[in-house]
Amino acid sequence: MDIAMTDEHSRHAPPPPDWDAARAGALIAAESGREGGLLPALHAVQAAFGCVPEAAEPLLASAFNLSRAEVKGVIGFYHDFRRAPAGRHVLKLCRAEACQSMNGAALAADLLARLGLDWGGTTADGALTIEAVYCLGLCAMPPAALFDGAPVGRLEAGRLAALVAEARQTGPSA
Amino acid sequence: MSARIYLPRDAGALALGADAVAAALAREARARGIGLDIVRTGARGLYWLEPMLEVATPSGRIAYGPIAPEEVGSLFAADFLAGGAHPKQLGRPEEIPFLKRQTRLTFARCGIVDPASAADYAAHGGWLGLARALALGPAATVEEVVASGLRGRGGAGFPTGIKWRTAAGAKAARKYIVCNADEGDSGTFADRMIMEGDPFVLIEGMLIAGYAVGASKGYLYTRSEYPHAIAAMNAAILAARSGGFLGENIQDSGFSFDLEVRVGAGAYVCGEETALLDSLEGKRGVVRAKPPLPALQGLFGQPTVINNVISLASVPIILAEGAKAYQDLGYGRSRGTMPIQLAGNIRNPGLFEAAFGVTLGELVEEIGGGTASGRPVRAVQVGGPLGAYFPRALFDTPFDYEAFAARDGLIGHGGVVVFDDSVDMAAQARFAMEFCAIESCGKCTPCRLGSTRGVEVMDRIRAGRDVEKNLALITDLCETMKFGSLCALGGFTPYPVMSALTHFRDDFTRAAAQAAA
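Computed from a predicted model, the values in this text were never measured in an experiment.

### Observations regarding the interface of chain A and chain B
- Contacts between the two partners involve 38 residues from chain A and, on the opposite side, 62 residues from chain B.
- Taken together, both faces of the contact between chain A and chain B bury some 3,700 Å²; the carbon and sulfur share is 57%.
- When the buried surface of chain A facing chain B is broken down by residue, A:Glu35, A:Phe77 and A:Glu97 rank first, second and third, together holding 19% of it.
- Along the contact surface separating chain A from chain B lie three salt bridges.

What follows is the structure in structure tokens.
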């Protein structure tokens, strides 16, 4: 019996609106033949849908011949995998030592307080998610961040405020 | 007329606006009717001068930096395409003292070549190491790496050649080469720079390793936080494959090898080699007990050489120039060069590759120019989040695996993070415990629980509660973590904590002293 298919009722977070089981299944199948393909499959699902919803777990379990608990354990282990999509823009702020040395911690705390968010939180308008990251390899231009994947260095309050304003004014970036 | 400009696409240069400079250059050239060929390179590693562009002139390259997009018009007006005088003109890049003092072996091409071009790699001495290895044969190649004295640049400092010898001697149908490019230590960016600036040297190093030990498949495991490095490696792998340097019967040698990039998912502990192997297998990145050594039973239970990016990227020049040339450089048992990364609150941050033996004080004060803030240097963390904090009193420590160990520190992957006198060292000790708690894989109790208890104890100390009792407790906890953890995450978190306490004790007792006053 496929236990993974019987616990529909335990799903709390609904899948994202654009969830498409057939498309997810095809993405997973494309990775399932590779050695150790589970991580590439999880990345592919998240790239397509912005998260790895619980609805993906039975598909992954079946494709990789794992229990659903094992799949859930892998998803839960890695900080990157989200259970629900992030905001339209994502600011990954580095919290590590090199960025601390140039006032990064106070800068981040001020920003979070101003937005009324904790790490990982999304603004109420859905525009911006602020994520903690531990080192971007931009330790020669601290404090550093990735804004929708683009590196930003030597952050100060004015630049951060401009990034937030940009995120709240514009639609999703390509 | 047509001119050639070199401008980095390195993520660090991008973070400082290199793309906007590229766009301004193209716009201005078009307006002036000048044909401009902008080659996007890696970075030289002089990050306080980025975005730094270089112009190809008949007498060599001339550098200008740091350039803001608004300054591009004035560059054209100054005839910079002929190397004209300008307030931002830096002269020949190799004459800039920061670069001139270095011994660039592993980074010889970084910032110079086009990282997307296999032809440019070949034109700058690429593939010579592989050619020599193929001429020597597998066993002599292993012995060449042993003789070079190369030690693992990821941090552990284990002799690379011995790992190779072990894997070469193992009998198995399949063997693997795994490149550990999970560069998670704060203050380090050497792996990122190589992947973005000279990806073919890493491919060549992995090819040589594969040939030497009899492996036919390689994985490069890197971080999701490095999107530009991933793109550069994937492009280079495609180019190498179409150029006959990956795949079946490489360069008609009979040797076949292929290579794939795998991307982690934000777990620091996956930089630990056995956790990395589990992650590559598609599992949670949980640390394995050793033995068995990965060289005998690694990825999918098969003999596996797992080496850091810089170790593998140093192999081609060792083969090309011979072990002796490499072994002749260095200090004590630390042979060859080390790419040191100057980071944090430092005036001249960047990549400094030099023979072992340069002192911490020279690195921070002379080469690095002191702090960026202009305030006095107070503490320097060497070797990432698991490395010790050094006070100025220990600035005479030479950069050498053993010398740092003798002072209860480590050089790790070569990151040097400078803090000025505004730093609160008790807060840094707390952060070390917090980071360990966030990133622990959960396998060992001292790491999984000890790190959280460590945060709580540090909070009590910083609040001035029962400070002497709690200092004894954190010391005891650090002993337990150090000796009771399987890997360096739990085992080395005590380094930053105890070094902060040993060298900056006032920061731990200040709250209590103020309460008593």
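There is more to say, and it comes next.
### A short note on the side chain of B:Thr222
- Among the structural elements, B:Thr222 can be located in strand S7 (residues 217-222).
- Sequence-distant contacts of B:Thr222, that is, excluding residues within four places in its chain, are made with B:Ala181, B:Asp182, B:Met195, B:Ile230, B:Val261, B:Arg262, B:Val263 and B:Gly264.

### Structural notes on the pairing of strand S12 (residues 337-344) of chain B
Residue and element names in this part refer to chain B.
- Burial analysis of S12 places eight of its eight residues in the buried class, which makes it a mostly covered element.
- What sits between the antiparallel neighbours S12 and strand S13 (residues 350-355) is a turn of five residues.
- As paired elements, S12 and strand S16 (residues 415-420) share four bridges and run parallel to each other. Looking across to S16, one finds that Gln341 is bridged to Gly415.

### Some remarks on the sheet that holds strand S4 (residues 60-64) of chain B
Residues and elements named next belong to chain B.
- Reading across the sheet, the five strands line up as S2-S1-S3-S4-S5 and stay open at both edges, with mixed pairing between neighbours. Every interior strand has two partners, whereas the edge strands, strand S2 (35-41) and strand S5 (89-91), have only one. Taken pair by pair, the neighbouring strands of this sheet meet at an average axis angle of 30°, ignoring direction.
- Two elements, strand S1 (residues 2-8) and S2, share seven bridges in a ladder whose sense is parallel. Each bridged residue has a counterpart across the sheet, and for Pro8 the counterpart in S2 is Thr41.
- Contacting S1, S2 and strand S3 (53-57), helix H2 (residues 18-31) runs over the sheet at an angle of about 165° to S2.

The rules we used
Residues numbered from 1 in each chain as written. Chains lettered and ligands numbered in written order. Predicted model: local features only at pLDDT ≥ 70, side-chain atom pairs only at ≥ 80, totals over all residues. Heavy atoms only, no water. Contact = heavy atoms within 4.5 Å. Buried area = accessible area lost by both parts, 1.4 Å probe. Salt bridge = Lys/Arg side-chain N within 4 Å of Asp/Glu carboxyl O. Helix = DSSP H or I, 4+ residues; strand = E, 2+ residues; numbered from the N terminus. Buried < 20%, exposed > 50% of the residue type's maximum accessible area, 1.4 Å probe, protein only. Pairing = 2+ DSSP bridges. Axes fitted to C-alpha atoms, helices over the stretch in contact; angles between N-to-C directions.

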